[in-house]
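Structural overview for review
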Amino acid sequence: MDIVFDCPNCEQELAVDSAGAGSEIECPSCGETITIPDKSTKSTPTSPPPAPSSAPTEAPAPSLAPSAINASAAAKVQMHLKVPVSDKPGASLIKKAAVPLTVTAKGGDKQIRIRTIRHDKCIESGHDKFDEMATEFLAEVGEANIIGIHTISFSHVDVGSQKLLTDYGLLVIYRG
């Protein structure tokens, strides 16, 4: 017959073979050394009530060595365990990654932005101002804040001639 009791430290429900009564074990939940009581402190539906005895009998002294039944894998599987309940909210298992030091040193507080400079938008009064406008924008941003510069090719309809034209431009990725 199994002895079912609660750990006095963490209140974990434990069940051990009655041959281990009076011996000390380590609680699998909290790791504290506890003494197994002589009889169950919990009632189990499978255990019959103890039979009344007319004369007190002396129980054999429990062995301190673990029995073969207690050490078997089957005895460990049949442990009755309960899940501890807490009033506190559970701890988050996923934490936000810290900002790397290199990003902080390079102005990590600035957002990454994109600017497209189209060639067709840089023509003023028949003069091509693409190079000047691109240079001016890059000087505003600063070399330290530029992440990448990419060329682009696109098609658009010219309003004056109503023709489909292919043009070019720059895509600048920067911190700002």
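Structure: above.
What counts, and where the lines are drawn
Residues numbered from 1 in each chain as written. Predicted model: local features only at pLDDT ≥ 70, side-chain atom pairs only at ≥ 80, totals over all residues. Heavy atoms only, no water. Pairing = 2+ DSSP bridges. Helix = DSSP H or I, 4+ residues; strand = E, 2+ residues; numbered from the N terminus. Axes fitted to C-alpha atoms, helices over the stretch in contact; angles between N-to-C directions. Phe/Tyr/Trp six-rings, centres within 6.5 Å; stacked < 30°, edge-to-face > 60°. Buried < 20%, exposed > 50% of the residue type's maximum accessible area, 1.4 Å probe, protein only. Salt bridge = Lys/Arg side-chain N within 4 Å of Asp/Glu carboxyl O.

**A few points about the sheet that holds strand β5 (residues 112-118)**
- Taken in spatial order, the three strands make up an open sheet running β5-β9-β8, and their pairing is antiparallel. The outermost strands of the open sheet, each flanked by one partner alone, are β5 and β8 (146-157). Averaged over all pairs of adjacent strands, the angle between their axes in this sheet comes to 25°, without regard to strand direction.
- Pairing analysis gives 11 bridges linking β8 to strand β9 (residues 164-175), with the strands arranged antiparallel.

**Describing the packing of aromatic side chains**
- Counted according to the given criterion, the structure contains two aromatic pairs.
- An angle of 80° between the planes, with centres 5.4 Å apart, marks the rings of F130 and Y168 as edge-to-face. Note that F130 is positioned in helix α4 (residues 130-141) and Y168 in strand β9, a separation of 38 residues in sequence.
- For Y168, a relative accessible area of 39% translates into the label partly exposed.

**Section: the pattern of salt bridges**
- Within this structure, the stated rule accounts for one salt bridge.
- With its nearest N and O atoms 2.8 Å apart, the salt bridge here joins R118 to D120.

**Some thoughts on unusual backbone geometry**
- Notably, E11 is not glycine yet its phi reads approximately 65°, a positive angle.
- Within the element layout of this structure, E11 appears in the loop between β1 (2-6) and β2 (13-17).
- Residue S125 is not a glycine yet carries a positive backbone phi of 50°.
- With respect to the helices, strands and loops of the structure, S125 is situated in the loop between β6 (123-124) and β7 (127-128).
- Looking at S125, the relative accessible area reads 75%, which means it is exposed.

**Side note on the pairing of β1**
- With five bridges connecting them, β1 and β2 associate as antiparallel partners. Its bridge partner being in β2, V4 is matched across the sheet by A15.
- Linking β1 to β2, which pair antiparallel, is a turn of six residues; within it E11 sits at a positive phi near 65°.

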